[in-house]
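# Examining the three-dimensional arrangement
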Amino acid sequence: MFVTVETAARTAPAAVIVAIDGPSGTGKSSTSKAVAAKLGLRYLDTGAQYRAITWWMLSNGVDVNDPAAVATAAAKPTIVSGTDPGSPAITVDGADAAGPIRTREVTAAVSAVSAVPEVRARLTELQRQIARAGRGIVVEGRDIGTTVLPDADLKIFLTASPEARAARRSGELKGKEATGLAATREALIKRDAADSGRKVSPLAKADDAHEVDTTELTLEQVVECVVTLVETTADRAGQSA
Ligand SMILES: Nc1ncnc2c1ncn2[C@@H]1O[C@H](COP(=O)(O)OP(=O)(O)OP(=O)(O)O)[C@@H](O)[C@H]1O
Ligand SMILES: Nc1ccn([C@@H]2O[C@H](COP(=O)(O)O)[C@@H](O)[C@H]2O)c(=O)n1
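So, here's what we can say about the structure.

Criteria and cut-off values
- Residues numbered from 1 in each chain as written.
- Chains lettered and ligands numbered in written order.
- Predicted model: local features only at pLDDT ≥ 70, side-chain atom pairs only at ≥ 80, totals over all residues.
- Heavy atoms only, no water.
- Helix = DSSP H or I, 4+ residues; strand = E, 2+ residues; numbered from the N terminus.
- Buried < 20%, exposed > 50% of the residue type's maximum accessible area, 1.4 Å probe, protein only.
- Contact = heavy atoms within 4.5 Å.
- Salt bridge = Lys/Arg side-chain N within 4 Å of Asp/Glu carboxyl O.
- Axes fitted to C-alpha atoms, helices over the stretch in contact; angles between N-to-C directions.
- Parallel < 35°, antiparallel > 145°, perpendicular 65-115°, else oblique.
- Nonpolar A, V, L, I, M, F, W, Y, C, P; charged D, E, K, R; others polar.
- Pairing = 2+ DSSP bridges.
- Expected span 1.5 Å × (residues − 1).
- Polar contact = N/O pair within 3.5 Å; in protein donor to acceptor, adjacent residues only side chain to side chain.
- Near = heavy atom within 4 Å.
- Areas by Shrake-Rupley, 256 points an atom, 1.4 Å probe, with all protein chains shown as cover.

## Thoughts on the overall build of the protein
The number of helices and strands found in the protein is nine helices and 10 strands. Within the protein, the fraction of its 241 residues that count as buried is 46%. Considering only residue pairs separated by 6 or more positions, the protein has 74% of its internal contacts joining residues 24 or more positions apart.

Below, the structure written as structure tokens:
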């Protein structure tokens with residue numbers, strides 16, 4: 001049963017569990033952080049965990065294209081995720097990994113590592129522990145609604161056209177590792193294809209997820225849409241939100 005908290009800008013059931021999935025660049029992280037902050041919920045970025053384990057593999061000389069080698073090493077790194085939407089943190093063996101996990105090298109290798117069943121089993125268990133460890137939470141990823149938290153109170157599947165996603169990413173990279181729009185578009189399509197095509201818990205929309213096409217929406221409009229869905233879910237459960 002939900003318990004309502006009234007401390008955030010909007011109110012939400014303290015125990016609500018929200019799963020947000022979707023392809024790369026659809027706005028999962030931005031939306032999840034903003035929704036969690038507005039509703040006083042915790043936030044978990046599961047993509048950061050897959051990036052963190054990938055970074056550890058690369059840093060420790062594990063061949064990321066050798067599934068057996070990745071499987072053997074999967075239990076070795078200690079990954080700790082913060083759940084404050086205002087300052088999402090991630091450490092690997094005690095070291096701050098927030099910066100290194102965002103490099104192009106990690107992005108290029110993460111789909112291969114995340115396809116290894118031993119990696120998924122380990123991180124799925126960690127994600128479930130975090131989700132159940134405290135008050136309500138917004139968890140974002142690729143398989144949250146289908147596999148990690150199939151009993152989530154609310155499931156959202158964000159989409160956007162490849163063109164919109166590439167434009168968003170290119171804007172983000174300006175002045176850093178600047179990449180052309182076409183190359184960015186191809187890279188995200190390739191990563192989505194790998195994530196959708198793997199055998200174990202692929203990127204997929206849960207049957208009971210609400211699909212939100214963000215192509216023509218501002219971030220603020222997407223956040224408002226999801227906050228309203230959380231409130232409606234709470235109302236349906238018989239609580240004020
Ligand atoms: N509705 C939107 N309109 C315009 N820009 C957006 C919108 N949503 C997110 N963005 C921007 O698009 C970029 C990608 O967003 P974000 O990182 O939240 O996506 P993501 O789905 O989490 O991506 P990934 O799965 O690759 O981590 C960011 O720069 C973000 O500010
Ligand atoms: N639940 C998840 C979340 C992520 N992945 C894999 O991690 C990659 C990086 O995710 P970002 O959200 O940080 O871009 C992603 O491409 C997937 O390979 C996953 O498998 N399951």
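Still to come is the rest of the account.
## What about the pattern of salt bridges?
Counted under the stated rule, the structure contains eight salt bridges. A salt bridge links R120 to D143, with the nearest nitrogen and oxygen atoms 3.0 Å apart. Residue R120 is located in helix α5 (residues 117–132), and its partner D143 is located in the loop between β8 (137–141) and α6 (144–148); the two are separated by 23 residues in the primary sequence. Across the salt bridge formed by K155 and D208, the nearest N and O atoms sit 3.1 Å from each other. You can see K155 sitting in strand β9 (residues 154–159) and its partner D208 sitting in the loop between α8 (181–197) and β10 (210–213), a full 53 residues away along the chain.

## A closer look at the packing of helix α4 (residues 104–114) against α8
Viewed as axis vectors pointing N to C, α4 and α8 meet at an angle of 10°, and their least axial separation amounts to 9 Å. What the angle tells us is that α4 and α8 run roughly parallel. Here T107, V110, S111 and S114 of α4 lie close against α8, whose contacting residues are R191, A194 and D195. When its residues are assigned to classes, the contact of α4 with α8 shows two nonpolar, three polar and two charged.

## Here we look at the sheet that holds β10
The strand order across the open sheet formed by five strands is β4-β8-β3-β9-β10, and the pairing between neighbours is parallel. Edge positions in the sheet fall to β4 (42–45) and β10, since each of these pairs with one other strand and no more. Taking the axes of each pair of neighbouring strands and ignoring which way they run, one obtains an average angle of 20° across the sheet. The sheet contact formed by strand β3 (residues 17–21) and β9 spans four bridges and is parallel.

## Here we look at helix α2 (residues 46–59)
Residues spaced three or four apart along an α-helix face the same direction, because each turn holds 3.6 residues. In a regular helix each residue adds 1.5 Å, so 14 residues correspond to 20 Å; α2 covers 20 Å between its end C-alpha atoms and thus fits that length. Taking burial as the measure, the 14 residues of α2 include 10 buried ones, the bulk of the element. Burial in α2 covers these residues: T46, A48, Q49, Y50, R51, A52, I53, T54, W56 and M57. The N-terminus of α2 is capped by D45, whose side-chain oxygen sits 3.1 Å from the backbone nitrogen of G47. Directly beyond the C-terminal end of α2, a positive phi value near 70° is found at G61.

## Examining the site of ligand 2
In the region of ligand 2, 16 residues are neighbours, and R51, R120, D143, R191 and D195 sit closest. Separating an oxygen atom of ligand 2 from a side-chain N or O atom of R120 is a distance of 2.8 Å. In this structure, an oxygen atom belonging to ligand 2 sits 2.9 Å away from a side-chain N or O atom of R191. Protein burial of ligand 2: of its 470 Å² of free accessible surface, 97% is covered by the chains. Among the secondary structure elements, those contributing two or more residues to the shell around ligand 2 are α2, α4 and α8. Among the elements that take part in the shell around ligand 2, α2 stands out by supplying four residues, more than any other. Across the shell around ligand 2, the residue classes break down as three nonpolar, five polar and eight charged.

## Re unusual backbone geometry
At D93, a residue that is not glycine, the phi angle is positive and equals roughly 50°. Note on placement: D93 falls in the loop between β6 (90–92) and β7 (95–96). A residue is classified by how much of its surface remains accessible, and D93, at 45% relative accessible area, is partly exposed. The residue S201 is not glycine, and still its phi comes out positive at about 30°. The residue S201 is located in the loop between α8 and β10 in this model.

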